[in-house]
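Working through the structure, step by step
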Amino acid sequence: MRSGFVGVDIFFVISGYLISSIIIGALQAGSFDFLDFYARRSKRLFPALLLVLGSTYLFAWISLFPKEYEQFGKHLAASAGYVENILLLRESGYFDLQSQLKPLMHLWSLSVEEQFYIFYPIFLWTAWVAFKRRLVWLIAGLAGVSFVFNIIEVNTQSNFAYFAPHTRFWELLVGGLLAWLHISKSHILATRLQDISSREGRIASGASLIGFALIFVSLFAFTRNELYPGWWALIPVAGTILLLFSGPKALVNRTLLSSRILVAIGLISYPLYLWHWPLLSFGRIIENEIPKPTIQFILVLTSFILAWGTHHLIEVRFKKWDVRDASKILLLCGLSLLFVGLGLLTAGGNLPWQVPSEKLVVQLESAKKDWAFPPKSFTSMNSDEIYALTRTSAATERKVLFFGDSNLEQYSARIEARLADAPTTTLGVSLVPIQKDCDILEAVITGTGCKTQIKALQALTEDTNVTRVVLIVAWIKYEKHLADLGNQAKIVNFLKSLSKDKSLYIFRNIPADPTNLSPDAQISRGVSLQGGTIALHPRISTAKAYEHRFKDIDAHLRQIASQTDATLISPVDYLCPLGTCPAVDAEGNFLYIDAGHLTASYARKAAVFVDPLLDI
């Protein structure tokens, strides 16, 4: 399911509904107790989580390289302390490829949930005491504020909107709102809802069918390209609300969702949630690629077996613990703090069983960090409209303007090296990198956003000293757009506006190959008591494979070049001598920082195709 991540939204609504029902019911009965609530949450969550954290830590010890092990320590501490979502905010996003290499990243949703339940009981209790009849409006108002934050943040910082607690709380609060309406008998709307949802007829069953349809569609409707959660999250949330609202006698609920198989999965759903991602993540790490379907099936099956065992051997037994026994609850809290401390010690490299990295691991880790942007000899133009770097002199009369994304940034090492080789040159060079929150080329194609940046870029090219404009982007990102003649026309018009009376150059893609060119693809891994083992097994990527993969894209680029009088430059002709594209040199140095970018060291030496544009 390509949109499987909407399961989080469904989970938040159900959680909000369930826990709100418990709290509001206790408030109505006058029996709510804060210590009892938090003790029950600890007894429910901690035992299975501690087992998974301990098991994951042991496997990380025997399988990860030292730096990876230290990174894992950060996530162990954050997960045990229920702040994994905050840590992920400081790192890459949920859809980043590297997210697959973080065995505990799935615990971000548990962290959001527990951050919510730290404050939510206090809010409900206070509102119940002070504004009992208006509680429903307070919940709705708080949900509305959180939803507005979600909409604002998803359009400015989508990664922040995904992980931040205040942009997710509305989903839990919507569940809480429905819980109040179901429980309250004094509210006229609540009475009508109870009446409707208790019917066996068409209304309740229709609501359940619509709700199920919304959830089913949402599981396949979204890709990483949508701004999520944002408005899109309303689809799975609405579907979940309709299923909860329709009641146990509705068609979908009394048949499909009440089947023995789904009820059985529901019983083990928490440990299944805990186990599944570490297994898949470690499988991805050990295999150095997405595991084959057979291995993925075995890993998922294993997660079900472990979840079943965890439920029967851990959850069922701990369920019998008396929450009034403070010593047992304190023991669980103490073990959680122990994992926080263990994670921090691991992150600091302060544990005796960690061994120094061997040479090949050091080379691998160095390659992943070998990036030289922004170049040190360039200075910012200090523009509020657009981020641009420049290197000019008082005698500069000719300038070259490079515009593009990270594919441009990778060549900055070669550009800076060439300029350093000619200290007396008067040539000026400007670099305008596309920013994550404003993809100018995407904006040109779609006609939305980045208007200020587009005007600023056009103003830079209007400088009469600019004689060459160079566009370097990962064209594979725009593959679907390029197939449309209307989009091609928009790109042509845009490039013509940038290159009036100037020479225009367009770079083809470098030989991007996720399977064969990334540094991780050049090694095999194993496990040992001293940490993960490594061996070099370089793979082969060919120019022929590139030509096949990028055949349609390059055909579109040739059309664009012919209509703009641009010169096409092909890095593949230089990076794939004799028809093969090396990813490791004779000394064992990795040449790519990932599957689609050169290391700065390699670009500095091999990107000679950039030199004619500098014309020093």
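Figured I'd write up the structure that's included with this text. (Residues numbered from 1 in each chain as written. Predicted model: local features only at pLDDT ≥ 70, side-chain atom pairs only at ≥ 80, totals over all residues. Heavy atoms only, no water.)

With respect to empty space enclosed by the protein
Within the structure shown, the criterion is met by one cavity of 30 Å³ or more. Residue lining of the largest cavity: Asp 370, Trp 371, Ala 372, Glu 409, Gln 410, Ser 412, Ala 413, Leu 598, Thr 599 and Ala 600, and that is the complete set. Within the lining of the largest cavity, the residues separate by chemical class into five nonpolar, three polar and two charged. (1 Å grid on protein atoms, 1.4 Å probe; cavity = no way out; pocket = protein on both sides within 12 Å on 5 of 7 lines; lining within 4 Å. Points joined across faces, edges and corners; volume = space filled by probe spheres on them. Nonpolar A, V, L, I, M, F, W, Y, C, P; charged D, E, K, R; others polar.)

A few points about the packing of aromatic side chains
With the rule as written, the count across this model stands at 37 aromatic pairs. With centroids separated by 5.4 Å and ring planes inclined at 45°, the aromatic side chains of Tyr 574 and Phe 609 adopt a geometry described as tilted. Placement of the pair is Tyr 574 in helix α26 (residues 572-575) and Phe 609 in the loop between α27 (600-606) and α28 (611-614), with a sequence separation of 35 residues. For Tyr 574, a relative accessible area of 46% translates into the label partly exposed. Looking at Phe 609, the relative accessible area reads 3%, which means it is buried. Taken together, Phe 32, Phe 34, Phe 37, Tyr 38, Phe 116, Tyr 117, Tyr 120, Phe 123, Trp 125 and Phe 169 form an aromatic cluster joined through their ring pairs. When the ring centre of Tyr 162 is taken as origin, the NZ or CZ atom of Arg 168, which lies over that ring, is 4.5 Å away. (Phe/Tyr/Trp six-rings, centres within 6.5 Å; stacked < 30°, edge-to-face > 60°. Helix = DSSP H or I, 4+ residues; strand = E, 2+ residues; numbered from the N terminus. Buried < 20%, exposed > 50% of the residue type's maximum accessible area, 1.4 Å probe, protein only. Lys NZ or Arg CZ within 6 Å of the ring centre and 35° of its normal.)

Points about the state of the cysteines
Going through the model one piece at a time under the given rule, you end up with two disulfides. Two residues, Cys 438 and Cys 450, share a disulfide whose sulfurs are 2.2 Å apart. Here Cys 450 lies in the loop between α20 (440-446) and α21 (451-461) and Cys 438 lies in the loop between β4 (428-433) and α20, a separation of 12 residues in the sequence. Comparing Cys 438 with Cys 450, the two get one shared label, buried. (Disulfide = S-S within 2.5 Å.)

Re the pattern of salt bridges
Following the criterion strictly, the structure yields 20 salt bridges and no others. Between Arg 168 and Asp 9 there is a salt bridge, with the nearest N and O atoms lying 2.8 Å from each other. Separated by 159 residues along the polypeptide, Arg 168 in the loop between α7 (158-163) and α8 (169-183) and Asp 9 in helix α1 (residues 7-29) bring together distant segments of the chain. You'll find Arg 168 and Asp 9 in the same group, each marked buried. A salt bridge links Glu 114 to Arg 41; the shortest N-O distance between them is 2.7 Å. With Glu 114 in helix α5 (residues 108-131) and Arg 41 in helix α2 (residues 34-63), this pair connects stretches of sequence that are 73 residues apart. Residue classification places Glu 114 among the buried positions, given a relative accessible area of 10%. Ionic contacts of the salt-bridge type, sharing partners, join the residues Asp 9, Arg 168 and Glu 171 into one network. (Salt bridge = Lys/Arg side-chain N within 4 Å of Asp/Glu carboxyl O.)

A few points about the sheet that holds strand β3 (residues 399-404)
The seven strands are arranged β1-β2-β4-β3-β5-β6-β10 in an open sheet whose pairing can be described as mixed. Edge strands, defined here as strands with exactly one partner in the open sheet, are β1 (379-380) and β10 (567-569). Pairing geometry for β3 and β4, over six bridges, is parallel. Counted as the bridge partner of Phe 403 is Val 432 from β4. (Pairing = 2+ DSSP bridges.)

Looking at helix α15 (residues 293-319)
The terminal C-alpha atoms of α15 lie 36 Å apart, and with 27 residues this matches the ideal 39 Å at 1.5 Å per residue to within 8%. Residue His 311 marks the point of greatest curvature in α15, where the axis turns by about 35°. Buried within α15 we find Leu 299, Ser 303, Ala 307, Gly 309, Thr 310, His 311, Ile 314, Glu 315 and Phe 318. Summarising the contacts, the buried residues of α15 are in contact with α2, α13 (260-267), α14 (269-287) and α16 (326-347). (Expected span 1.5 Å × (residues − 1). Bend = angle between axes of the 7 residues up to and from the residue. Contact = heavy atoms within 4.5 Å.)

Quick look at the environment of Lys 477
Mapped onto the secondary structure, Lys 477 falls in the loop between β5 (466-472) and α22 (479-482). Judged by relative accessible area, Lys 477 falls into the partly exposed class, the value being 44%. Note: C-alpha distance between Lys 477 and Glu 442 (35 residues apart in sequence) is 9.3 Å. Look past the residues within four positions of Lys 477 in its chain and what remains in contact with it is Asp 405 and Asp 439. Among the polar contacts made by the side chain of Lys 477, one reaches the side chain of Asp 405 at a distance of 3.3 Å. (Polar contact = N/O pair within 3.5 Å; in protein donor to acceptor, adjacent residues only side chain to side chain.)

A closer look at the pairing of β4
Each regular strand displays side chains that alternate between the two surfaces of the sheet. Of all six residues that make up β4, six are buried, and the element is covered over most of its length. Across the two faces of β4 the burial is the same, with Gly 428, Ser 430 and Val 432 and Val 429, Leu 431 and Pro 433 all buried. Inspection of the sheet shows strand β2 (residues 389-391) paired to β4 by three bridges, in the antiparallel sense. Paired with Arg 391 across the bridge in β4 is Val 429.

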